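Examining the three-dimensional arrangement
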4 protein chains.
Amino acid sequence: MKFTQSSLKVGELATGQELNVPVYRLPAQDLSAPSVFIQANVHGAEVQGNAVIFQLMKQLETMDVKGEVTLLPLANPLGINQKSGEFTLGRFDPITGVNWNREYLDHKLDVASWYQENAHLEDKALIKAYRLLLIESCQAHLNSEWGVTTGKRLAVTLQSMAHAADIVIDLHTGPKSCKHMYCPEYDVDSASYFSIPFTLVIPNDFGGAMDEAVFCPWWQLADYAQSQGRTLGVPVSAFTLELASQERIDMDDALNDAQGILAYLSHRGVVSDKVAPAQMPRYGCYLKDYKKFHAPTAGMVEYKAELGEPLQTGETLANILRLDLYGTDNELTPLSLKQDCVPILHFASASVYQGTELYKVMTNLFEL
Amino acid sequence: MKFTQSSLKVGELATGQELNVPVYRLPAQDLSAPSVFIQANVHGAEVQGNAVIFQLMKQLETMDVKGEVTLLPLANPLGINQKSGEFTLGRFDPITGVNWNREYLDHKLDVASWYQENAHLEDKALIKAYRLLLIESCQAHLNSEWGVTTGKRLAVTLQSMAHAADIVIDLHTGPKSCKHMYCPEYDVDSASYFSIPFTLVIPNDFGGAMDEAVFCPWWQLADYAQSQGRTLGVPVSAFTLELASQERIDMDDALNDAQGILAYLSHRGVVSDKVAPAQMPRYGCYLKDYKKFHAPTAGMVEYKAELGEPLQTGETLANILRLDLYGTDNELTPLSLKQDCVPILHFASASVYQGTELYKVMTNLFEL
Amino acid sequence: MKFTQSSLKVGELATGQELNVPVYRLPAQDLSAPSVFIQANVHGAEVQGNAVIFQLMKQLETMDVKGEVTLLPLANPLGINQKSGEFTLGRFDPITGVNWNREYLDHKLDVASWYQENAHLEDKALIKAYRLLLIESCQAHLNSEWGVTTGKRLAVTLQSMAHAADIVIDLHTGPKSCKHMYCPEYDVDSASYFSIPFTLVIPNDFGGAMDEAVFCPWWQLADYAQSQGRTLGVPVSAFTLELASQERIDMDDALNDAQGILAYLSHRGVVSDKVAPAQMPRYGCYLKDYKKFHAPTAGMVEYKAELGEPLQTGETLANILRLDLYGTDNELTPLSLKQDCVPILHFASASVYQGTELYKVMTNLFEL
Amino acid sequence: MKFTQSSLKVGELATGQELNVPVYRLPAQDLSAPSVFIQANVHGAEVQGNAVIFQLMKQLETMDVKGEVTLLPLANPLGINQKSGEFTLGRFDPITGVNWNREYLDHKLDVASWYQENAHLEDKALIKAYRLLLIESCQAHLNSEWGVTTGKRLAVTLQSMAHAADIVIDLHTGPKSCKHMYCPEYDVDSASYFSIPFTLVIPNDFGGAMDEAVFCPWWQLADYAQSQGRTLGVPVSAFTLELASQERIDMDDALNDAQGILAYLSHRGVVSDKVAPAQMPRYGCYLKDYKKFHAPTAGMVEYKAELGEPLQTGETLANILRLDLYGTDNELTPLSLKQDCVPILHFASASVYQGTELYKVMTNLFEL
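The structure presented is a predicted model; accordingly, all values stated were derived computationally and were not measured. (Residues numbered from 1 in each chain as written. Chains lettered and ligands numbered in written order. Predicted model: local features only at pLDDT ≥ 70, side-chain atom pairs only at ≥ 80, totals over all residues. Heavy atoms only, no water.)

**Some words on the packing of helix α5 (residues 150-162) of chain D against helix α6 (residues 210-227) of chain D**
Axes are the key here: two packed helices are described by the angle between their axes and the distance separating the axes. Residue and element names in this part refer to chain D. Convention followed: Interaxial angles span 0 to 180 degrees and are taken between N-to-C directions of axes, which are lines fitted to C-alpha atoms, for helices over the stretch in contact. Helix numbers and strand numbers start at the N terminus; a helix is a DSSP run of H or I with at least 4 residues, a strand a run of E with at least 2. Our angle categories are set so that under 35 degrees counts as roughly parallel, over 145 as roughly antiparallel, 65 to 115 as roughly perpendicular, and the remainder as oblique. Each helix crossing is assigned a hand: it is left-handed if the near helix lies turned anticlockwise from the far helix by less than a right angle, otherwise right-handed if that turn is clockwise. Any two residues whose heavy atoms approach within 4.5 Å are treated as being in contact. Under the convention adopted here, Pro, Cys and the residues Ala, Val, Leu, Ile, Met, Phe, Trp and Tyr are nonpolar, Asp, Glu, Lys and Arg are charged, and Gly plus all remaining residues are polar.
Taken N-terminus to C-terminus, the directions of α5 and α6 make an angle of 45°; their axes are 10 Å apart at the nearest point. Judged on the interaxial angle alone, α6 and α5 are oblique. Along this stretch, α5 crosses α6, giving a crossing that reads as right-handed. From α5, L158, Q159 and A162 reach across to α6, where they touch M210, A213 and V214. Across the contact of α5 with α6, the residue classes break down as five nonpolar, one polar and no charged.

Below is the structure:
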C-alpha cells in the first residue's frame, strides 16, 4: 500500500513564503490497532531521521499495516534551511535563541477537576475525551489573541497532530554521538525493541520535549485515576531516538534503525508482520545520572574517549591543547572524570570556550 | 575622588584569551551608607548603559560619595564582540542560544531552615550571614565538579559581586524602545527617582534576570521572618533600567539618565549631595498587563505607532506589506489591538516571520 | 491596466522548497517605447525598494504606459529570509560569505571579433543580436556542466531577465544612509530626474553590480563601434538607487521615490503622462572621490555627523567611547577628517572592531 | 634550544580587547641558512595546523636548527573565536563576508621600473632591497590615511612578517578533506618532501592567498630579470598545506605532518639533521583541472565517494535524498561525473541548497 502525501503549514517566512512540512500517511485498516506518529529533523542539523523515515516507508509499503501511520520528515523547514557557514544552525530560532525542541505546550491541566467531571465515562470514552481536550488545548493556544511565537507555532502544530496518535516517536541525533534513546520510566520495557544500545530513563514529568509533551498529561491522568482507585494505565507511548551524529546521512544505517522501529511496531500490533528486535546488549541509566561535563578551560580539543565504550575513572576523555601556553605545564592537558562512565556524545567542534558542554556521559548504568 | 580600575575574569575564548570585565570602584567613606553595584551591556547590542556609567563616573568624581560604588561597564565581553553581519548578535550565547540574561542563579534556598538556625542573630548580623550565604552559594556553583556553562560562569560571577551590594542596577535597552524600567512590587516608590517615564511592576519572584536574582532571596527572607513575627524589611534594592534603543550611543542622553540614577542614590544617602529627581509624569503597569504582540502573518513591516505614546483601541500599530500578494486584499494590512495601550518597544528589523514578537505594549496603566 | 503576476525560480533550499521571486508585468503597448526592468531587495535587509515598487505599481496602473514594465520585488528570497538575531543577515551568502551583489556575470566578450562578424547589420538588428548574445551567455553559464553556486544562479537568472530591458533600475539602501544613486559617466544627465540628492558617477567598467553588468557590455560595444567610425550610442541605461537606510519601510517616502522614477520614465517615454522631476539641489562626485573611513580603533561609537550635510575639515564625524580606558586620554576620542566632505552613510551598529568601515563620504562634490 | 614567545597585535575587538597572535621563534645560528615562517588557523575552524606547529616545536627543540624559525599558531584570533551554533564560523569576516584568506596585499609593483633603478646591485643586495620594498609596501598600506579593514589589517600584518622569510608555509585544512597542498609551478619538485599525497600545481600569479602573496612578487622579479638576461631564480618558496578536515585535532597525525615539513626543511638546510621524506605515491594536477561540482538540486546528501581514492566516470559521488519527493523518480538520486577523478574534499554539512559546492575533484592527475 502506498503512502498518501499532504502538507502541513507551520509558519511563514519574511517573503511570505509558507513553511510546509510533508505529511505521509497510511490509513488504519483496523481501528483497534494503535496509531503512530513519527517526526524527524526538528533540529535542523539532525537529518538522519529523514533517511530512517524513507527506509520505514519502503518497508511499510510491503507489509500488512493495521494501525494508521503518519510520518513527518523535514519537520522544521525554517531550522533545516538556516545555514551559518558550512553547517546548519539548526538547534534554535536564529532570532530568539529558543531551542526548537523546548517550545511544546505544557498543558498545565487541572486533571483532578477534569477527572471529577468525566469520571462517569468508560475507559475508552474517557480516553477519547481527554485526547480531544489535549488537541483543543493546542488549538486554543495557536489561536490566542496576542499571537504565538514562530517556534511555538511550529511545535504546537506538530504536537496537536501527535496527540491524535497512540505511539509517538521523535527522531533526533546528538552532535557527535552514539545511538541512544529517551524512554519514560513507566514504559522502560519498550526500549528493548529498538536497535539502540543506550537508554536514558526519564521521569514522567514535563521537561519540554515532544515525547514528554505527549506522554506527560496521560501519565498525570493515569496517576490521578489510580489515586481514585481506577487503573487506567498510560494509553500513549512516546520516545525520542537519537540516531548517532548530526550532519550525516547513511542509508544503510537508516535501514537498521527502521528495522528497530518496525520491531517495536510489530510488538505493538501496528503491523501484523513479525519483526524480531535486534539481538544486542542494551544499557540504561537514569536521567539524573546523565552528566554534562563542561570544558574547565578553553582551547583546542582532541577527543579521545570512544563514544559508547566504557571509560574508567581517571582515563583520558579529551586533551586540551593550548598553543598560547606552549612551554608551560598547561600546553597539553588530559581531562578525566572521577567516576566510571560511558561517554555518549561530545561537542561538534574541536575548539571550545571555557564552559562549553564537552561530553555527556552516562554513569551508574544498568543492563535493561 | 578618582575611581580605581581592576578587572574581573569571566571566561576564556577558544584561543585561550581571557574574557575580562573592567571594574571601577570608589571605596566607602561611611560604612553605614548603602553600597552600589551597577553593570551595563550584558546584552551585547545594548551599549548605551556604558555611556551612562561614563557620565556617572564623571559626576561622582566631583561629589561627596559615602557608600561604596562598583561599576562594571562592558559586562559581557563575549556578547559585545559577537557580530553577525552589521549588527551585534548580543542577546544569546551563539553556541547554545541561551539568553545571557537568563543565566543567573536561582539559589532555591530552604529559607525556613536557615532562618530557624539563625533567628537568634540580630538584624544586622542576620543580614550579613545571609549575604555571605548567597555569595558562597554562587561560588559553590561556579566550582561544581562537572563545570558550568559559559553563560552561567559569566552570570554567576557577576551575581556573586552584585550580592555584596545594597543597591543593584542593571542597565539594558530595548530593541527599538522608549525608556522604561523594571521595579519589584515591594519597592515601587523608588521608581519615581529615575528619569524613566514607564515602569513595569514585577512580582517578587525569581524570573531569571539579575534584578530578580538579587532581590528575590531577600524578599523570601523578609517574607518568612514576617511570618515568624519579625519585621526585617527587604534590605536590598535591585532594578533593571531600559535606556531606549540598542545599537545607540548618545552622550547627552546618557547624562540625563546618569542624573536620574544620582537622584536615586542621593535619596538613598549613597551621595550626600542633593540631586532632585526630574519633574515628569511617570506611569506603571503590572507585568501581567505587559503584552507581547506577535506578527499574525509574515511580511515587511511599517512601524506606525509611536513608542511611549498612548494608542487607542483600533488605531494602527503597524502595516504589513506583502509584495507577493499585490493585487489582493492582503497586499497592505493595518494591524491594531482590541484594547488601549502604550507601545513600549518594537522589533528591530522591518521584515518578520509569522510569529515574530512585533510590539510589547503596556495595558491598564496607572500613574505612579 | 493591472499588472500580471508570475514567478521566477532562482534556487532551492535544503528541504527542497523552491526559491521564487514574484514577477509583475505590464505588456508593451508601443514596441518603440523603451522597456523597463526594476528589482528590489537583492540585499536582504534593504527592504524599502519593495515599498517603492508597490507605490510604482499603484501609480502605473492609472497611467498610460507605452513600454513593457517588469518589476521584481523581494528579488533574493534566501537573503531576505536569513535572520541572525533581530536583524536580517542579508548582504552575503551565509555559507560562503560572497556578497549577493557581486555575483553578476562579467561576460568578458571578445567585442572586436563579434563586431567584425556583425558589422553589416543595421543598428536595430545589431542591437537585437547583441542582446541575444548577452542573454544566451547568461543561460550558458547557468547550464554549465559543473553547476553554478547558489549566488551565481540567483544573480545570473535576474541578469538574464534584465538584459531584455532597455532601462534597468536596481533598488538598494545603505546601512544608515541618506539617499544617493550610482550613475555611469556616459549617462550622468539622467540623474537629474530621480528624487535623489547625491550621485556617484561611476566608470563605464564592470565592477560586479547589476547596473554595471547590464550597461558595461553595451558601453564596450558602443566604444568599439565608435573606434570603427560608427556612432551607435549606448542603447541601455542602468542605475542603482540607494533609498536611505536598511531595515526601514516608509510608505510615504516610497511614494516620493516612485515619483522620481516615474519622472525618469516619463522623460524616456515609457509613460506618456508628464511627470516633472522634483525641484531639488543635486550633487555628484566621482567614485574615486567616494572614500571609506575605517575605525582607527575599536570601541563604542557615537555617530555625530549628519548624513547628507556638509562636514568641514576637522569637524567631528564620530566619537569613540572606550570604557576600558576610562581615566586616560583615550576614554572619549573625536574622529575627524583632513578634508571637507559630505557623509553619505555610516555603519549600522554602535560598536565596532578596529577597521570596521565607519563612514562613507563624498569628497570633491560638484553640482549636477 | 627553546623557542622564545612574543605576541603580534593584529586588531581590536569592540570592547577594546586586543587581538594578539602568539609568535614563537628560534634565532638563526647560520645566517646563510634559509629562514622559515609558518602560520596556522587563519581560517577559524582549521585547527589541525596548531597541533602540527606544536609537534614541530617539540621536534625542533631537539634538533640542530641553522635558519631562523618563526611560528604563528592561532593566527586569526577573531576567526577562531567566532562560533555560530556548535561550529566555528571561521572562513569569513562575520561583518563583511570577506574570506580571511583573500585579504593579502597584491603589491602591484612596477617591477620593470624598480629593476631598472636597482639593476646595478649584486644578487644578494638586490634581493635584500626588494624584500625591504615588499615589507614597506605592507606597512604603508597598514598606515593609510583612511584606515584599512579588519581583515586587511590581520592579513597584511601577517604578510609583512612572512615577507621577511625565505620559506613560508600556510597551514590550512579542507572542510571534509584528504590531505593535499598547493605548490607553484616553478617549485613543483618541493612537493615530494611533504607527507601529502596530492598536490595542486598553481600558476605563478597572484590569486589572493598567503602563498601567492609571498612568492608572486618574487616570481615577477625573477621573470623580468630573466627577460633582461639575468638569471636570478625565485629566492623565496611558499606553500599552502591542507591537513585533512577542519574541526579536528589529532596529535599523532600532527606528528606525521610535522615530519613531512621537517623533511623539507632538512632538504633546504634549515636544519642540519637529516630527515628523509615519507615513501609514498604522490600525485599532482593543474589548478585548471581542479573542479568544483555544485549541487544540481537541493536535498539531504549521502556522501559516497571516498576522499583521496580514484572514482571512475559514472560511479556514484553522492546520493541526494528528497523526502519531499518520496514516491517520485527524484526521491533518491545518485550523482556522478562525466570524467575520471579523485575527489579531494566535500562540503561539511549533509544538507545542501541548490548550488552548494558539493565536491572538489582532481582530474587529469599525473604522478609527481
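That was the structure; now back to the text.
**With respect to the environment of V148(D)**
As a reminder, the rule being used: Here's how the labels work: a residue is buried when its accessible area is under 20% of the maximum for its type, exposed when over 50%, partly exposed in between, all with a 1.4 Å probe on protein chains only.
Tracing the chain through its elements places V148(D) in the loop between α4 (123-142) and α5. On the accessibility criterion, V148(D) (4% relative accessible area) is buried. Not counting residues up to four positions away in its chain, the partners in contact with V148(D) are H294(C), G355(C), H141(D), L142(D) and R153(D).

**Here we look at the interface of chain B and chain C**
What counts, and what does not: Throughout, buried area stands for the accessible area (probe radius 1.4 Å) lost by two parts on being put together, summed over both. Whenever Lys or Arg places a side-chain nitrogen within 4 Å of a carboxyl oxygen from Asp or Glu, that contact is recorded as a salt bridge. Counted as a polar contact is a pair of N or O atoms within 3.5 Å, where, for protein atoms, one must be capable of donating a hydrogen and the other of accepting one, and residues adjacent in sequence contribute only when both atoms are in side chains.
Facing 49 residues of chain B, the contacting portion of chain C comprises 49 residues. Of the roughly 4,300 Å² buried at the junction of chain B and chain C (both faces included), carbon and sulfur atoms supply 63%. Sorting the residues of chain B by area buried against chain C places E86(B), L323(B) and Y326(B) first, and these three jointly supply 19% of that buried surface. For the interface between chain B and chain C, the tally reads two salt bridges. E331(B) is the salt-bridge partner of K58(C), the closest N and O atoms lying 2.7 Å from each other. Summed over the shared surface of chain B and chain C, the result is 27 residue pairs in polar contact (both at pLDDT 80 or more). Sorting the residues of the side of chain B that touches chain C by element identifies β2 (18-26), α1 (48-60), α2 (77-81), β5 (83-84), β6 (87-88), α7 (251-268) and β14 (299-303) of chain B as the ones contributing at least two each. Considering each element in turn, the side of chain B that touches chain C owes the most residues, six residues, to α1(B).

**Digging into helix α7 (residues 251-267) of chain D**
Residues and elements named next belong to chain D. Defined as follows: To estimate the expected span of a helix, count its residues, drop one, and scale the result by 1.5 Å.
Along its 17 residues, α7 runs 24 Å from first to last C-alpha, staying within 8% of the 24 Å computed at 1.5 Å per residue. Burial within α7 is extensive, with 12 of its 17 residues counted as buried. Along α7, the positions that sit buried rather than exposed are M251, D253, A254, D257, A258, G260, I261, L262, A263, Y264, L265 and S266. Two or three places before D252, at the start of α7, stands the capping residue D250, its side-chain oxygen 3.1 Å from that residue's backbone nitrogen. In the segment just after α7, G269 is the residue with positive phi, at about 80°.

**Focus on the sheet that holds strand β1 (residues 4-12) of chain C**
Residues and elements named next belong to chain C. Stated precisely, the cut-off is as follows: Two strands pair if DSSP finds at least two bridges between them.
A sheet is described by the order of its strands in space; here 10 strands give the open sequence β1-β2-β4-β3-β7-β11-β9-β10-β12-β20, paired in mixed fashion. Edge strands, defined here as strands with exactly one partner in the open sheet, are β1 and β20 (366-367). Here three bridges tie strand β2 (residues 18-26) to strand β4 (residues 69-72), and the two strands are oriented antiparallel to one another. Bridging across to β4, Y24 finds its partner in L71. With respect to the sheet, helix α1 (residues 48-60) is in contact with β2, β3 (36-40), β4, β7 (167-174) and β11 (237-245), its orientation differing from that of β3 by roughly 145°.

**Digging into the interface of chain D and chain A**
With 49 residues of chain D in contact, the opposing surface of chain A contributes 49 residues. Of the roughly 4,300 Å² buried between chain D and chain A, counting both surfaces, carbon and sulfur atoms make up 63%. Along the contact surface separating chain D from chain A lie two salt bridges. Seen at the junction of chain D and chain A, the total is 26 residue pairs in polar contact (both at pLDDT 80 or more). At the level of elements, β2 (18-26), α1 (48-60), β5 (83-84), β6 (87-88), α7 and β14 (299-303) of chain D are the ones that each hand at least two residues to the side of chain D that touches chain A. Per-element tally for the side of chain D that touches chain A: the top contributor is α1(D), with six residues.

**Concerning the sheet that holds strand β16 (residues 332-335) of chain A**
Residues and elements named next belong to chain A. Pairing in this open sheet of four strands is antiparallel, and the strands run β16-β15-β14-β18 from one edge to the other. Edge positions in the open sheet fall to β16 and β18 (351-352), since each of these has one partner strand only. Relative to strand β15 (residues 318-321), strand β14 (residues 299-303) runs antiparallel, the two sharing four bridges. Bridge pairing links V301 to I320 in β15.

**Some words on the relation of the copies chain B and chain C**
Selection rule: We superpose the copies by least squares over the C-alpha atoms of residues that have a pLDDT of at least 70 in both of them.
For the pair chain B and chain C, the superposition axis carries a translation of 0.0 Å, the fit reaches an RMSD of 0.0 Å, and the rotation angle comes to 180°. In the structure described here, the two chain copies are related by an operation that fits a two-fold rotation axis. By C-alpha distance to the rotation axis, the residue of chain B lying nearest is S84(B), at 3.3 Å. Comparing contact sets, 100% of the residues at the interface of chain B also lie at the interface in chain C, consistent with an isologous, same-surface contact.

**Focus on the UniProt feature "domain: Succinylglutamate desuccinylase/Aspartoacylase catalytic" (unreviewed entry) in chain A**
As a reminder, the rule being used: UniProt positions are given in the numbering used here, feature names are shortened, and annotations may be inferred rather than shown by experiment.
Mapped onto this numbering, the UniProt entry annotates "domain: Succinylglutamate desuccinylase/Aspartoacylase catalytic" (unreviewed entry) at residues 33-267 of chain A. Helix makes up 40% of residues 33-267 of chain A and strand 18%, with an end-to-end C-alpha separation of 11 Å.

**As for the pairing of strand β1 (residues 4-12) of chain B**
Residues and elements named next belong to chain B. Inspection of the sheet shows β1 paired to β2 by eight bridges, in the antiparallel sense. Bridge pairing in β2 links S7 to P22. Count of turn residues in the β1/β2 antiparallel hairpin: five residues, of which G16 carries a positive phi of about 100°.

**Side note on the packing of aromatic side chains**
For clarity, the cut-off: Aromatic rings from Phe, Tyr and Trp, with only the six-membered ring used for Trp, were paired whenever their centres fell within 6.5 Å, and each pair was classed as stacked if the ring planes differed by under 30 degrees, edge-to-face if by over 60, and tilted otherwise.
For the structure on display, the rule yields 60 aromatic pairs over all chains. The interplanar angle of 70° and the centroid separation of 5.6 Å between the aromatic rings of Y115(A) and Y224(A) together place this pair among those described as edge-to-face. Taken together, the residues Y115(A) in helix α3 (residues 111-118) and Y224(A) in helix α6 (residues 210-227) connect sequence positions 109 residues apart. When the centroid spacing of 5.6 Å and the interplanar angle of 85° are considered together, the rings of Y326(B) and F54(C) count as edge-to-face. A residue pair is termed interchain when its members come from two chains, as with Y326(B) in the loop between β15 (318-321) and β16 (332-335) and F54(C) in helix α1.

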